[in-house]
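Architecture and fold: a report
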Amino acid sequence: MAKKSWMYSVLEAVQYEMRADKNMVWFFELTPPVAATPGKPVINLEKEFGRNRVVNTGIDEMWMAAATLGAGLAGSKAVTYIPYQGNCMCFQIIQNHAGKLRSMTGGVASMPIVYILEMTGQTPGFGGQHSDYEIDSYYMHIPGVKTVIPSTPADAKGMMVSAIRDPDPVVYLYPAGLRELMEEVPDDQYSTPLDKAAVRVVGSDITIVSSGGGMPDVLDAAEQLKAQGMKPEVIDLRCLKPMDTDTLVRSVQKTKRLLTVDQSYYTLCPGAEVIARVAENVDGARFKRVAFPDSAPPASPEMFLWMRPNAGHVVAAAKKLVG
Amino acid sequence: MAKKSWMYSVLEAVQYEMRADKNMVWFFELTPPVAATPGKPVINLEKEFGRNRVVNTGIDEMWMAAATLGAGLAGSKAVTYIPYQGNCMCFQIIQNHAGKLRSMTGGVASMPIVYILEMTGQTPGFGGQHSDYEIDSYYMHIPGVKTVIPSTPADAKGMMVSAIRDPDPVVYLYPAGLRELMEEVPDDQYSTPLDKAAVRVVGSDITIVSSGGGMPDVLDAAEQLKAQGMKPEVIDLRCLKPMDTDTLVRSVQKTKRLLTVDQSYYTLCPGAEVIARVAENVDGARFKRVAFPDSAPPASPEMFLWMRPNAGHVVAAAKKLVG
Amino acid sequence: MSETIDVTRNDDIRDEPAADPIVSPGRRTFLKGVAGAGAAISLIRAVDARAEGELGYWAKDLPAAKQVQMYTDICRIRWHERTMADKMLTDSKYRGYDHFYAGQEAVAVGVCAALRNKGNFDEVDYVYSSHRSTGHALAKGVDMKKMAAENDFRATGLNGGYGGEMHLSDKSCGFIGADGMIGPAPPMATGSAFAIKARGSKQVVVVFAGDGTYATPHFHSALNNSALLKLPFIYVLENNLYHQYAHYSLSCPMKDIAEAAGPYHIPGVVVNGQDVMQVYNVARTAVERARAGGGPTLIEAKTYRYYNHWGAPGAKPGELGAFGYDPLAISSFRPERELREWMARDPVDISRNVLVAWGTLTRAQADAIEAAAKQEAIDAFAWADAQPYCKPEDGLKNVFTQGSVAARQFG
Amino acid sequence: MSETIDVTRNDDIRDEPAADPIVSPGRRTFLKGVAGAGAAISLIRAVDARAEGELGYWAKDLPAAKQVQMYTDICRIRWHERTMADKMLTDSKYRGYDHFYAGQEAVAVGVCAALRNKGNFDEVDYVYSSHRSTGHALAKGVDMKKMAAENDFRATGLNGGYGGEMHLSDKSCGFIGADGMIGPAPPMATGSAFAIKARGSKQVVVVFAGDGTYATPHFHSALNNSALLKLPFIYVLENNLYHQYAHYSLSCPMKDIAEAAGPYHIPGVVVNGQDVMQVYNVARTAVERARAGGGPTLIEAKTYRYYNHWGAPGAKPGELGAFGYDPLAISSFRPERELREWMARDPVDISRNVLVAWGTLTRAQADAIEAAAKQEAIDAFAWADAQPYCKPEDGLKNVFTQGSVAARQFG
Ligand SMILES: Cc1ncc(C[n+]2csc(CCOP(=O)(O)OP(=O)(O)O)c2C)c(N)n1
Ligand SMILES: Cc1ncc(C[n+]2csc(CCOP(=O)(O)OP(=O)(O)O)c2C)c(N)n1
Ligand SMILES: [Mg+2]
Ligand SMILES: [Mg+2]
């Protein structure tokens, strides 16, 4: 047990699995799989496992995705880490091949692979392509891949273990804004399921649902609301697909108020699916979404920070919905 | 006025605009822009405007999308027709470039372009990649492009005129299952707005919302329901983004029942957005979705036809919701 | 050769490329040198090599049984195609569609004859195929009956009726599978080759891909990454001159697509795809190179398809090939004379003539093999016809390895 | 030349490539023949051509004013970079980040000197740029003040603060714009070239792209389609040896990336990117070819960046270049000696020395130009500093041409 960052927790999980399985491979692009955390040994997958298993490619995320899939089809576990700039370069391969091959081959194809897709959305000043947070929606519509988005270092580790051990393709979204989060994470290998949401705060007045990069602000907002006497229930989706409908429905049956919070664009954000599932199953509830407007994020910090959902927005929206 | 097919209506619109604007170009892949309809002259854009303006490319839909965008940035109106097999090969270009350049350049970039993206979803026997109907969701989450999906030849023409004349990029989805639809379509050039849903059937008991390839079955179901004494209101979305929230909300305020019908996969289908928008604005309504399961479409006709939403499914779901 | 010839697949023979026998070392060394040089441009023209006394060194070493197996497989593919075409044209209950491989048989068979087609999944060589998959599947060792059932979407088909022709897959012989998209298969195949190199399992990966794949962005990715990483990967580009209704010159700026290998500093080889022995020679060279860690090869096989792009339009029951069908009056639609010219260089005839000339088979034996192949195809389609249809609810299975997804069409 | 030199941009001079004067026809014809041949492999090495007495024919014909403008632009870019580096290192209120272009100035200036940079939007030549955009923008004619304001996200910046460095765009001089993604800009640029050809407007499109773009799938698409359609398109590949922290040999199987032009049957030219006159020569040849309907050219300019990939880490205020920064102890991080070696072949020095050697300028005049360029940069950043910040609500504008989108962050 030690305080670990998101990426350290992930690489710790990977290192363990790569030691256990000599065939497992890792594809990266330019940024080596290296992580350090105070008091723990540096993890450097490239150094430890060599360039024969841990390969640095050119700038070709389509190839990374296709090669990862091909490695999986050859029976080797494979993971790739795709930087956020390339997280849609690989889209078609995941959508049309990784997501469909098991069904199309009637169960013959086996793909024990993980796509770590970096997301940004956190950095003012980079503009449109380098500050966007939108791929959660694109990837959760794809059938045949499990799309998850851990929001804490501990989940990051446990869900990476499950993702690697899962015989099906997993899209593992990494909101890079969580890079600096640190928490106590067990040293042992453990697994966290790929189909369960987490109730982070138990309450009864309103259900607030978010995921990934939205969670820190939502938890902050929940503290503020509690300080003001409200009892919010906070759910971290964690798994976008399959989505844990039961946990959502059970909560809103209790609270009758549902607020979703997304850093993704409003139209067809994950919250739309959350609301639709709950609305199909719970009568007489009230609903509200907080999300990024349907606009590419402008570079200017003034514009960007005003548009990106934050704790203040969540507090205000929750009060409106409950009040 | 004459009976025209979907594609004839579209090419008629394009032919008129290309005659009016000598700079306008068309990119296609293998299948030439040719359409015939009884009693009317054959339209052949390649022949009429020559290979200098109407170009046949290799199998490279990424290039088609990028080249269309580049032509637009150079100030020329440009349209491309991308076959369904390639309708995600071009995804990243539309998502990250066409969709963002206007915002990223602070309004400097101008992109008078149209992406006709063919969809399938209708053909049993082709399997996973050749029978899917899923891109409506992917493309409607993108900001900065208008995503429309006409469902009738008359709308196909009017919305194509608007799309070409629109200064912004338009993703114009073409559900190829509508290929055989014929209806009276005016010969003159006219335009249909890119942001208005159409109320196809006026009713008061339930609002049924669908789009594109789902419409024929929904209209059929509405007839059956009317025959059984129900008064369904049927809305054809037509415009997925921006979505005509007003028309939806007004209808459900009246009916208090909302059924959405999609051939897209359930999770994050367009109906999720429809329900979420209505649920945010109408209290006390009841909601239900009919959609394709979260699975790639199997090739076997028995499996595929059982899974694809049809009129019978809509009738049964409507009765459940109203009853 | 004994007088009775067993035309069923003899995998023990097919799976062992003949051991290196003693032949003129000077000549062999020369040929190997050229093929393996990895020079910037090592474009080797093998077209009509035999006519010029240049038939490569490998084919001449083949044991008779192996030669016969290759001829047999060509016949089996041919009669599978012809039987299927007749089925489509005459049986309205038949639901399968197909992209026919007839005319290109020597490519699939010549290449697969140089591969390991049996063994554990980490021993057998892998083949990635295209939308035009039936020939590749049979050459690799897929069961004809199960394939025929799959192509008509039967529950007991090779892939349970989920896939059909464009998604055939059979791990038992290393047939990773067909893919209906143009482009992605080659880079996917390089990923399998990477996994093989990483685990040291000494397998080789072949992708069969059309001339249409040259223009895809994936072409560059597959060749560049496999060259950089020296992967055991062979790109067999079957240049049948057309993609759908477009002549390849519309999307390729060169005459020989193999020229594209140059900048990657890997061998680019042109071969006469009608002659199975010539195909075998270049494939075997590429396979040895790949297995020895020498990296990838691009093989361009010049060939032709006897039917149209898709289905059997223009064809008549009992007759080979499709003529005179040009629905859209497309400018670059193939001329009928071109087709007749290629049919005069038929892969079945060529392989039969070689074996007769070499004294491996008599004409009568060769005819018997072809007749047996025809019967096998007829039997396979009859078997398929008797298989059960799929259960609708099974459509919710096989999304993931375990369980099934929820029905959503009922609301 | 008069003693007083105006260092502000003189577009009339910059926009007219010198008319074809009388030079030795034999030599010119030879050079044109080589460059324009479109032979399968027309790889021309221009590195050190001047040292070997091979300086091309175009540069020698340039009027003095044009030569001076090129030198001036090199100085302007250099001092823009240096001033911005100092700003980043010393002014905590400065919010801009940057990918520095210092060291590569001769490429942007040599290429843009061969282009039309003024005129209506259907007359001016187009430039597509990369994430490393400031040098390209200045060479093409973008206003330095407005660019500096944009890079600090000011409301009155070139793009209203929406874009920043990676999305600079200015139609008035044909600067279509920067793009932060690696790959898509080249195929997009070919689309502009297609539109130009279709409308017959005789413009030329240049894309500046790094060595990192070679490995992208888009590289093949851009070259293949522009070759097939004979588009007026020039791919200027600035090979500065690294993409981020990876040496280009990790993703390119050849020494000269220009070799990749071969299979497309278009010219592939290597040029010394430190010498503006050599760059101008090859660019001018490519531009004339493109404008005359001869199709595309791939130019590989060998060059180097003096700063690290991004921002100013390792740099010190007032000093040129960034040394000794290697945060991740990355194996292929550039060695300090490599940087020093390239700085010894500095584009500012080289262009200054050429002009002094040719008698176009005295050293004193050249120094005065550089001093004025420095002052211009200082003034530009001062102007930018005084500009207003953006209004938050304006973030909802510019999604579409008309109107604005709804705020959604408030629920
Ligand atoms: C990405 C993509 N675009 C378009 C298609 C439609 N399509 C199917 S086969 C084909 C032609 C392929 O030609 P080629 O690669 O030469 O193979 P051949 O049919 O000649 O065997 C095309 C364009 C597709 N399957 N995938
Ligand atoms: C598709 C994509 N993948 C990754 C990145 C991240 N990235 C930004 S710049 C860069 C290196 C580019 O190298 P090169 O093309 O040589 O240009 P240079 O930086 O040397 O000017 C990378 C990988 C990106 N912007 N886009
Ligand atoms: Mg072909
Ligand atoms: Mg570089």
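Placed above this text is the structure.
In what follows, the accompanying structure is described.

Reading the values: rules and limits
- Residues numbered from 1 in each chain as written.
- Chains lettered and ligands numbered in written order.
- Predicted model: local features only at pLDDT ≥ 70, side-chain atom pairs only at ≥ 80, totals over all residues.
- Heavy atoms only, no water.
- Donors = N, O, S within 2.8 Å, 3.2 Å for Na, K, Ca; no water.
- Least-squares fit on C-alpha atoms with pLDDT ≥ 70 in both.
- Contact = heavy atoms within 4.5 Å.
- Near = heavy atom within 4 Å.
- Polar contact = N/O pair within 3.5 Å; in protein donor to acceptor, adjacent residues only side chain to side chain.
- Areas by Shrake-Rupley, 256 points an atom, 1.4 Å probe, with all protein chains shown as cover.
- Nonpolar A, V, L, I, M, F, W, Y, C, P; charged D, E, K, R; others polar.
- Buried area = accessible area lost by both parts, 1.4 Å probe.
- Salt bridge = Lys/Arg side-chain N within 4 Å of Asp/Glu carboxyl O.
- Helix = DSSP H or I, 4+ residues; strand = E, 2+ residues; numbered from the N terminus.
- Buried < 20%, exposed > 50% of the residue type's maximum accessible area, 1.4 Å probe, protein only.

**What to know about the coordination of the magnesium ion (ligand 3)**
Here the magnesium ion (ligand 3) is held by the protein donor atoms Asp211 of chain C (OD), Asn240 of chain C (OD1) and Tyr242 of chain C (O), which lie 2.1 Å from it. Considered as a linear motif, the donors of the magnesium ion (ligand 3) on their single chain read D-x28-N-x1-Y.

**Quick word on the relation of the copies chain A and chain B**
Of the transformation superimposing chain A on chain B, the axial component is 0.0 Å and the angular component is 180°, with the fit at an RMSD of 0.0 Å. In symmetry terms, the pair is related by a two-fold rotation axis. Interface overlap between copies: 100% of the residues of chain A at the interface are likewise at the interface in chain B, consistent with a symmetric, same-surface contact.

**Some thoughts on the site of ligand 1**
In the vicinity of ligand 1 there are 20 residues, among which Glu61 of chain B together with His131, Arg132, Gly180 and Asn240 of chain C approach most closely. Each of chains B and C places residues next to ligand 1. Arg132 of chain C is positioned with one of its side-chain polar atoms (N or O) 2.6 Å from an oxygen atom of ligand 1. Between ligand 1 and Gly180 of chain C, the relevant distance is 2.8 Å, taken from a nitrogen atom to a main-chain nitrogen or oxygen of the residue. For ligand 1, the accessible surface in isolation is 580 Å², of which the surrounding protein chains cover 97%. Its residues placed into classes, the shell around ligand 1 shows six nonpolar, ten polar and four charged.

**Examining the interface of chain A and chain B**
One frequent convention defines the size of an interface as the accessible area lost when the parts assemble. Taken together, the contact between chain A and chain B spans 44 residues of the former and 44 residues of the latter. In this assembly, chain A packs against chain B so that about 4300 Å² is buried in total across both faces, 57% of it on carbon and sulfur atoms. When the buried area of chain A at its contact with chain B is split by residue, His141, Leu268 and Glu280 of chain A rank highest and sum to 19% of it. Between chain A and chain B we count twelve salt bridges in total. The salt bridge partner of Lys241 of chain B is Asp294 of chain A, with a shortest N-O separation of 3.5 Å. The interface formed by chain A and chain B holds 31 residue pairs in polar contact (both at pLDDT 80 or more) in total. Secondary-structure elements contributing two or more residues to the side of chain A that touches chain B are helix 4 (91–98), helix 5 (101–104), helix 6 (135–140), strand 15 (257–265), helix 10 (270–281) and strand 16 (286–292) of chain A.

**Digging into helix 4 (residues 91–98) of chain B**
Extensive coverage of helix 4 of chain B is indicated by the burial of eight of its eight residues. Here helix 4 of chain B has its buried residues at Phe91, Gln92, Ile93, Ile94, Gln95, Asn96, His97 and Ala98 of chain B.

**Some points on the site of ligand 2**
Taken together, 20 residues lie around ligand 2, and Glu61 of chain A together with His131, Arg132, Gly180 and Asn240 of chain D are the ones closest in. At a separation of 2.7 Å, an oxygen atom of ligand 2 approaches a polar side-chain atom of Arg132 of chain D. In the environment of ligand 2, an oxygen atom lies 2.9 Å from a nitrogen or oxygen atom belonging to the backbone of Tyr242 of chain D. When ligand 2 is considered free in solution it has 580 Å² of accessible area, and contact with the protein chains removes 97% of it. Here the residues of the shell around ligand 2 are counted per class, giving six nonpolar, ten polar and four charged.

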